Structures are given as structure tokens and as C-alpha cells.
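# Geometric and topological summary
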Amino acid sequence: MKHRLAFCSKAALAAALAISLVSCEKQESAQPAQKSAETKPMEWWKQAVCYEIYPNSFMDSDGNGTGDLKGITQKLPYLESLNVGCIWLTPVYASPMVDNGYDVADFYKINPLYGTMEDMDSLIAEANGHHIKIVMDLVFNHTSDQNEWFLESKKSKDNPKSDWYIWRDAKPDGSAPNNWRGIFGGSAWEWNEERKQYYLHTFATAQPDLNWANPDVRQALYDITNFWINKGVGGFRIDAIPYIKKPAEMADGTPDGADGMVNIHDMTVNTDGILDYLYEFRQKTVAGKGVFTVAEANGVGPDLLKFWVGDSGAFDMLFEFNHLSGGDIWHKAKKISIPELKSALISSQAATASNGWYPIFFENHDKPRSVNAYFSEKADHTLAAKAMGTIMLTLRGTPFIYEGQELGMSNVKWNSVEAYDDVNTKPQYNLALQEGYSPEQAIAFVQAYSRDNARTPMQWDTNVYAGFTTGKPWLALNENFKTVNALSETADSASVLNWYRNLAQIRKQQKALTQGTFTPILADHAQILAYKRIYTNDAENDTVTVLVNLSETEAQYDSTFVAGSKLIVSNYGNTEPGKMRPLEAVIFANHNK
């Protein structure tokens with residue numbers, strides 16, 4: 001049974017209309033106005049460059065080997081140099097850290113590993129001084145099994161929080177209620193001896209799923225959101241949101257592996273009625289308050305975006321995954337092709353052209369580095385990093401840079417599964433072995449897709465531990481930090497970091513890149529992603545043309561597309577119109593008054 005269509009009730013549609021009415025004065029059409037004199041100012045987050053920080057790995061201020069809030073505060077000038085306008089922090093709440101903070105024990109407290117609530121307040125205030133807003137990560141599909149809600153819920157079947165989580169009786173033979181496999185491997189059900197029932201966990205055993213069908217649960221989550229709004233944050237990223245609503249019947253699914261289980265994603269993602277909850281969430285928390293929301297929504301394609309984002313949608317933006325390589329089961333994962341990548345990006349741009357807004361990203365804390373995910377081992381990483389950065393900072397939408405992406409950081413290649421910290425890595429390795437792959441093949445899947453690829457410490461300089469810490473880092477560094485680091489790249493005018501800084505400045509200066517329309521060109525070209533961004537008003541007509549050769553071989557195109565335009569940047573330093581070298585990225589501009 002698959003729940004892939006996310007239709008909503010009449011009540012939810014009414015709520016969506018109410019949201020639209022509340023926010024209409026603040027929201028502008030995603031299409032650029034034809035006359036600038038009539039245009040209301042764009043929302044700040046549409047013009048901003050956002051930057052995701054994985055606190056464990058960004059900057060350690062006290063030498064304990066783990067990044068912290070004071071370390072982030074110290075690096076605000078660096079972020080400002082990238083024209084960053086918002087920082088998305090992965091969870092910094094109190095947590096046992098089974099899944100590096102995504103197992104939250106208390107949303108109202110800061111994990112001592114990262115600092116104190118006073119440190120958090122200071123970061124929010126200091127960031128404001130650098131024209132940067134803080135974006136908090138809301139983990140609302142599940143909590144830690146050490147959360148007081150769960151500790152109460154597991155005591156009995158009739159306590160005040162007994163139905164705050166998903167509990168089910170065992171089958172007559174004592175086995176789990178169904179054959180769903182968790183995202184991190186193994187059964188999605190865990191027996192609790194105290195309550196004598198199984199509880200559901202989409203992810204790790206220590207991350208029991210909340211029961212969103214209970215209105216008290218929903219209100220508790222809304223209260224948390226409003227607490228952080230009152231703290232002065234600028235927005236929220238909402239984690240794993242497509243899984244919050246469960247089907248009424250939790251039946252067995254058709255097995256998809258040798259373990260006789262089925263991926264829980266296929267059984268619960270976007271269950272019918274989920275939007276009822278999400279419209280209510282927006283109406284009771286962020287509507288009309290000037291903060292933005294961006295939700296992680298694996299499984300929501302461009303055809304469904306109209307229900308999820310926009311003036312009457314549940315969120316302002318949605319992280320979808322159709323343009324990414326990989327998959328939930330690593331030994332089945334495939335690298336996306338150039339035509340597939342182009343199609344996914346163009347489809348998402350079309351889907352948000354007149355409704356909603358697009359968050360542009362190619363990396364995050366769960367995904368491999370883009371220089372590895374999209375290109376071969378032989379690819380020039382500097383050219384590849386600049387090519388992907390060009391796309392990210394020139395598409396229509398809000399760019400989300402992941403820490404170290406602006407340096408061209410790459411995957412690690414550790415040869416033992418024991419070297420990896422990621423809670424999902426060993427189950428994936430063992431699943432590959434169970435499916436008949438050799439240890440060498442299994443570790444290759446880990447090297448390609450482990451979340452630790454994105455979580456190695458930030459590479460600040462050439463000193464011991466790359467300037468990240470004066471102690472022993474919680475996770476080993478990438479060995480290339482001697483050459484790939486912020487200090488060295490700052491001094492190199494041709495570095496990936498300075499390419500990002502330059503592009504961020506160009507994006508700020510060119511209205512076409514923040515307010516312009518998106519028009520794909522060369523749509524059928526097998527190698528080149530190309531498009532025009534056009535901004536028009538009574539006084540001017542600006543066109544920016546972007547061409548990126550995503551292949552590792554030379555390519556050709558019709559040079560009339562850039563005739564009369566001025567070359568702004570090329571990652572080779574120059575270009576010949578009509579021809580593109582491997583991984584070449586160029587931007588042309590045409591300004592008419």
C-alpha cells in the first residue's frame with residue numbers, strides 16, 4: 001500500500017484559504033513585476049543566501065573536539081563575506097545524540113555540548129548585527145526515547161500521554177505488528193517491555209514516532225515553534241515531514257529485500273490527509289509573522305508542489321529530492337544522469353514559477369558532497385565545484401549552501417566501516433552483505449553514500465585539525481584539508497571560495513538573478529544546462545544567460561543565444577561563444593535601458 005498522493009480535506013482547503021488571506025499583504029507573486037514602481041519589496045528570505053551549519057563540525061571554541069554555538073558566533077564575519085542572510089542550524093536542542101541531535105529530548109533546552117541558552121540568545125543577537133537570521137531545525141516526526149513525553153507514554157496504556165506515540169500490539173506469534181523496515185535498517189518496530197507493546201520508529205530505535213493524530217501532540221509542537229519565534233529566529237527547516245501521518249491500516253507490504261521487509265518510506269510517505277495537519281501548523285504558528293518555512297519532503301514531486309508551497313500552501317519552500325543522486329537503500333542507489341538532473345531542475349522551476357519559491361541545494365548534512373555525487377572520480381573538483389555553485393546561485397529561488405561546499409570539500413574514503421560514526425552506515429553495510437555483495441563492494445557503497453561524507457569537520461586552515469579544534473575532533477578530518485581550506489582559498493583568487501563570494505555578489509547586484517523570470521534554453525542538449533533570467537520594468541530590461549557544461553567532455557551550442565551579451569564570469573577565466581570545455585560554467589549579461 002503506497003500513499004503517494006497528498007490530497008487534503010475541505011477543512012484543510014478552508015484553512016489554506018485563511019492562511020492566504022492572513023499573509024496576502026506580505027506575499028508577492030513569484031513572477032517578477034513588469035513595473036518596478038508597482039512592486040512591493042520582496043520577502044527578505046527570497047533575496048538571501050542561506051547557509052546550513054552542522055554544529056558538531058563547524059567550529060569548536062573550547063577545544064573539546066565538537067563544534068559549538070560560540071564557534072559559530074566567531075565565524076559570523078566569514079559567513080557575511082559570502083553574503084549569507086540566514087543560517088540554518090541542524091538541531092542544537094538537548095539530546096542523547098544517538099542521531100547527532102535529531103533525537104530531541106527537550107526542545108526548550110540547548111544541548112550542553114553546544115553551549116547554553118544564553119549562548120543561543122547571543123548568537124541570534126550577534127547574527128542580526130551581521131544582517132543574518134537564524135533558522136532552527138524542527139524535528140517533529142519523532143523525539144528521543146529519553147524525551148519526557150515518551151518516558152511517560154511508555155508507562156502504561158492509560159496515562160495522560162499514552163497515545164502521544166504510535167503503539168501497537170504484537171502479532172499472535174509475538175512478532176512485530178508488520179514487516180516495515182526502518183530507514184536505518186531493521187524492523188521499524190521496537191518492543192517495550194514496560195508497556196508490553198511495540199512502538200513505531202521510522203528512523204533509529206531511539207527515535208519513536210509522534211502521533212500527529214492526537215491534537216494535544218500537535219498543540220505541543222505548535223507551542224515549541226512559537227517559543228522560538230518569540231526568541232527572534234527568522235525561519236524554520238522542518239525535518240522528515242512527509243512521514244508524520246500514518247495510514248489507518250498498518251498492513252504488511254510486499255517485501256523488497258532478502259530480509260522479507262519493505263521500506264517504511266513506501267508505506268507511509270505523504271499519507272492522504274497529511275496536508276490537514278500542515279495547514280493547521282502554518283495557521284497556528286508562522287502565518288503573518290515574517291518568518292519563513294522550508295520543509296524536507298522526500299517523495300513530493302513537482303506535480304504536488306502546488307499543494308505544499310505558496311500563498312495558500314503549507315510552507316514557503318520545500319526541499320525535494322528529485323535532482324539528487326542516491327536513495328534510501330545504498331546498494332540500490334544510482335548516480336543521476338545529466339538529462340535527469342536537467343529535467344528535475346527545470347520541472348521544479350516551472351512548478352514554482354507562479355506559486356511558491358524554490359530552495360536551491362545540492363548538498364546537506366545527509367548527502368554526499370556534490371563534486372562526488374554528480375561527477376566521476378576523474379573530474380576536476382575545482383571546476384566541478386564552481387559549476388555546481390554557478391547553478392545554485394543563479395537559479396530562481398533561495399540558495400542553500402552547505403558548510404564546506406563553498407570550499408569544494410569532497411567525500412572521504414575510509415576503508416573500514418568501523419571508521420564511520422553515522423548511525424545509518426553499519427546497517428546499510430550489513431544490508432549490502434546480506435544481499436550478497438562482497439565486503440569490498442559494501443564498503444564502496446558506504447564510501448559513496450555515508451552521511452559522514454558531509455559531516456567531517458570544517459576545513460579552516462592548514463594547522464593541526466584544520467583549525468576546527470585545538471582538541472581531538474569528534475570525527476576524523478578529510479585528508480585533503482592541507483589544500484582545501486578557507487585560509488588558503490581566501491588567498492587564491494581562482495579558488496572555489498572566491499568563486500562563491502564573487503557569485504554571491506553578482507547575485508546581489510543583478511536584479512535578474514533575484515527577481516527575474518526563469519526560461520530554460522538548450523532544453524534537449526545532452527551536456528549543457530542553460531537558461532535565461534530576465535528582469536523587466538519601465539526603465540530597464542536585464543537578461544542574464546547561464547550555461548554550464550555538466551559533462552566531462554567538450555560541448556557545443558548555438559552562439560546566437562549569447563549574441564550581444566557581455567561575459568561576466570567563466571570558471572576557466574575566458575570562453576569562446578558556441579563552445580564549452582569540460583565542466584565549464586559561464587554567465588553572460590545584457591543590460592538595456
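Structure: above.
Residues numbered from 1 in each chain as written. Predicted model: local features only at pLDDT ≥ 70, side-chain atom pairs only at ≥ 80, totals over all residues. Heavy atoms only, no water.

The set of residues buried in helix H16 (residues 439-449) consists of Ala442, Ile443, Phe445, Val446, Gln447 and Tyr449. Residues of H16 that are buried make contact with helix H15 (425-434). (Buried < 20%, exposed > 50% of the residue type's maximum accessible area, 1.4 Å probe, protein only. Helix = DSSP H or I, 4+ residues; strand = E, 2+ residues; numbered from the N terminus. Contact = heavy atoms within 4.5 Å.)

To continue, consider the side chain of His525. Looking at the element boundaries, His525 is found in the loop between strand S16 (517-521) and strand S17 (528-536). A relative accessible area of 18% places His525 in the buried class. Among the polar contacts made by the side chain of His525, one reaches the main-chain amide nitrogen of Ile528 at a distance of 3.2 Å. Excluding its chain neighbours within four sequence positions, the residues that come into contact with His525 are Lys342, Ala555 and Gln556. (Polar contact = N/O pair within 3.5 Å; in protein donor to acceptor, adjacent residues only side chain to side chain.)

Below, the discussion takes up the sheet that holds strand S18 (residues 541-549). Reading across from one edge, S16-S17-S18-S22-S20 is the order of the five strands in this open sheet, with antiparallel pairing throughout. At either margin of the open sheet sits one strand with a lone partner, and together these are S16 and strand S20 (566-570). For this sheet, the mean angle separating the axes of adjacent strands, direction not counted, is 20°. Two strands pair when backbone bridges link them, and S17 and S18 are joined in this way by nine bridges, in the antiparallel orientation. Bridging from a neighbouring strand, Ile528 pairs with Asn549 of S18. (Pairing = 2+ DSSP bridges. Axes fitted to C-alpha atoms, helices over the stretch in contact; angles between N-to-C directions.)

This part is about the packing of aromatic side chains. Going through the model one piece at a time under the given rule, you end up with 33 aromatic pairs. With a centroid separation of 6.5 Å and an interplanar angle of 75°, the aromatic rings of Trp88 and Phe400 are classed as edge-to-face. A residue pair is termed long-range when its members are at least 10 positions apart, and Trp88 in strand S2 (residues 84-89) and Phe400 in strand S15 (residues 398-402) qualify at 312 residues. For Trp88, a relative accessible area of 3% gives the class buried. Its relative accessible area of 3% is what places Phe400 among the buried residues. When the centroid spacing of 5.0 Å and the interplanar angle of 70° are considered together, the rings of Phe150 and Tyr199 count as edge-to-face. One end of the pair, Phe150, is in helix H7 (residues 148-153); the other, Tyr199, is in strand S9 (residues 197-200), and 49 residues separate them in sequence. (Phe/Tyr/Trp six-rings, centres within 6.5 Å; stacked < 30°, edge-to-face > 60°.)

So, on to the side chain of Asp119. Looking at the element boundaries, Asp119 is found in helix H6 (residues 117-129). In contact with Asp119, other than residues within four places in its own chain, are Leu69 and Lys70.

Further remarks concern the pattern of salt bridges. Tallied over the full model, the rule gives 24 salt bridges. In this structure, Lys413 and Glu377 form a salt bridge, with 3.7 Å as the shortest nitrogen-oxygen distance. A residue pair is termed long-range when its members are at least 10 positions apart, and Lys413 in the loop between S15 and H15 and Glu377 in the loop between helix H13 (370-373) and helix H14 (381-392) qualify at 36 residues. With respect to class, Lys413 is no different from Glu377; both count as exposed. We note a salt bridge from Glu418 to Lys426, for which the minimum N-O separation is 3.0 Å. (Salt bridge = Lys/Arg side-chain N within 4 Å of Asp/Glu carboxyl O.)

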